[in-house]
Amino acid sequence: MSNEEFSLPLASMTGFGRASGELHNQRWTWEAKSVNGRSLDVRIKVPFSYGRIELPAKKVAAKYLDRGSVSITLSIESDHTNNVIRINRPLLDELIALHREISGGVSDAPSGIETLLTIKGVVEVAEPINSQVQAELMDAALLSTLDEAIKKLVDSRRAEGKQISTLLDKFLSTLEGLCRKALQSDGAQVCFIRSQLEEQIARLLDCPQEISADRLAQEVALLATKADVREELDRLETHCAAGRELLAKKEPIGRRLDFLCQEFNREANTLCSKSASKKLTRIGLEMKATIDQLREQVQNVE
């Protein structure tokens, strides 16, 4: 995150924050919620007469957040009796056009327009702002409250991120254990692979005497090298170490973790395809299941 105060080892993209404020007999509430997203997508919903606040509000959100689909809503109440009635003309015109398209024309009866005016957002009540200074004070107060709401959203994402971090650490430990288990299995031993291949070739050849011992030894050595999975296991262990390094960073790591999961999966697939024993194949399938669980959680990481 760009704000050092909220720089975290790991944060979720899911959370909620709310904050309220008051100025000159006007009360307001900001609500901010976020879910997973490939990048930062901020959508602002404010009363029609406060449209000017949308761009500054997006900048407040971008100050603290790097990824996620974020929805921010502002609701305002006022005690004043000299409020101004404002009609959201663009929205009303769009509704009328849709009504004409669907029904063939809007009825001239008053009830037709009355129905449209009851739709949320068409008619809004706003307190008259008598000066530029008053408007600037109001905007500053609104943005200050929004800042508080976004910080609460970040706190919420932080709490969930801590839980996700625990799960990711658990899955990495499981993968490390499976790597050790695979390395100790018969299927990862070159001598076992060579023995298995020699038996298979002996069964397949009707006339083994037609192939020289040297040629047979060369073919077995070549096949044994292709079936050797130690390189894949070494890379899997390296990926686990890289994953732990990422978890310790105080910056958004979601995209890099997602790429790392792809590398995990590639090595596990290769291990299963090269496996020379049922035991090693079972270990490879356990790895793939753990990697799927790991990646599922990574999708929530900022």
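Check the entry above for the structure.
All values derive from a computational prediction rather than experimental measurement. (Residues numbered from 1 in each chain as written. Predicted model: local features only at pLDDT ≥ 70, side-chain atom pairs only at ≥ 80, totals over all residues. Heavy atoms only, no water.)

*Asks:* Can you help me understand the packing of helix H7 (residues 230–247) against helix H8 (residues 254–274) in this one?
*Replies:* Any two packed helices are characterised by how steeply their axes cross, that is the angle between the axes, and by the distance between the axes. Relative orientation of the contacting elements H7 and H8 amounts to 165°, with a least axis distance of 10 Å. One finds that H7 runs roughly antiparallel with respect to H8. At the point where H7 passes H8, the crossing takes the left-handed sense. Residues Glu232, Leu233, Arg235, Leu236, His239, Cys240, Ala242, Gly243, Leu246 and Leu247 of H7 form the contact with H8, whose participating residues are Arg256, Leu257, Leu260, Glu263, Phe264, Glu267, Ala268, Thr270, Leu271 and Lys274. For the contact of H7 with H8, a count of residues per class yields 11 nonpolar, three polar and six charged. (Axes fitted to C-alpha atoms, helices over the stretch in contact; angles between N-to-C directions. Helix = DSSP H or I, 4+ residues; strand = E, 2+ residues; numbered from the N terminus. Parallel < 35°, antiparallel > 145°, perpendicular 65-115°, else oblique. Left-handed = near helix turned anticlockwise from the far one by under 90°. Contact = heavy atoms within 4.5 Å. Nonpolar A, V, L, I, M, F, W, Y, C, P; charged D, E, K, R; others polar.)

*Asks:* It is not clear to me how the environment of Pro47 should be interpreted in this structure. Could you clarify?
*Replies:* Along the polypeptide, Pro47 turns up in the loop between strand E3 (40–45) and helix H1 (54–64). Its relative accessible area of 18% is what places Pro47 among the buried residues. Sequence separation of Pro47 and Thr73 is 26 residues, and the distance between their C-alpha atoms is 9.1 Å. (Buried < 20%, exposed > 50% of the residue type's maximum accessible area, 1.4 Å probe, protein only.)

*Asks:* Would you explain the nonpolar core in this entry?
*Replies:* In a soluble, globular protein the nonpolar side chains are often hidden away together inside. If you look at the biggest cluster of nonpolar residues, it comprises 29 residues, and the most contacted ones within it are Leu10, Leu168, Leu257, Phe264, Met287 and Leu294. Residue assignment for this core shows that the elements contributing at least two residues are helix H4 (132–184), H7, H8 and helix H9 (278–298). Top element by residues in this core is H4. It accounts for eight residues. Core analysis: the next-biggest nonpolar cluster, separate from the first, contains 25 residues, Ala32, Val60, Met138 and Ala149 among them. (Core = buried A, V, L, I, M, F, W, Y, C linked by side-chain atoms within 4.5 Å.)

*Asks:* Help me understand the sheet that holds strand E2 (residues 26–35), please; the structure alone is not making it clear to me.
*Replies:* Within a sheet, neighbouring strands are paired by backbone hydrogen bonds and run either parallel or antiparallel to one another. The sheet built from four strands is open, its strands ordered E1-E2-E4-E3 with mixed pairing. The open sheet is flanked by strand E1 (15–23) and E3, the only strands paired with a single partner. The mean angle between the axes of side-by-side strands here comes to 15°, regardless of whether they run parallel or antiparallel. As defined by bridge partners, E2 adjoins strand E4 (residues 68–78) across 10 bridges and the pair is classed as antiparallel. Along E4, the bridge assignment pairs Ala32 with Ile72. (Pairing = 2+ DSSP bridges.)

*Asks:* Looking at this model, I keep getting lost on a positive patch on the surface. Mind explaining?
*Replies:* Taken together, the side chains of Lys181, Lys278, Lys279 and Arg282 define a basic patch exposed on the protein surface. When residues in the positive patch are grouped by element, the largest group, three residues, is from H9. Along the polypeptide, Lys181 turns up in helix H4. (Patch = residues over 30% accessible without salt bridge, like charges linked within 9 Å, V, L, I, M, F, W, Y side chains within 5 Å. Areas by Shrake-Rupley, 256 points an atom, 1.4 Å probe, with all protein chains shown as cover. Salt bridge = Lys/Arg side-chain N within 4 Å of Asp/Glu carboxyl O. Lys, Arg positive; Asp, Glu negative; His and termini not counted. Charge placed at Lys NZ, Arg CZ, Asp CG, Glu CD.)

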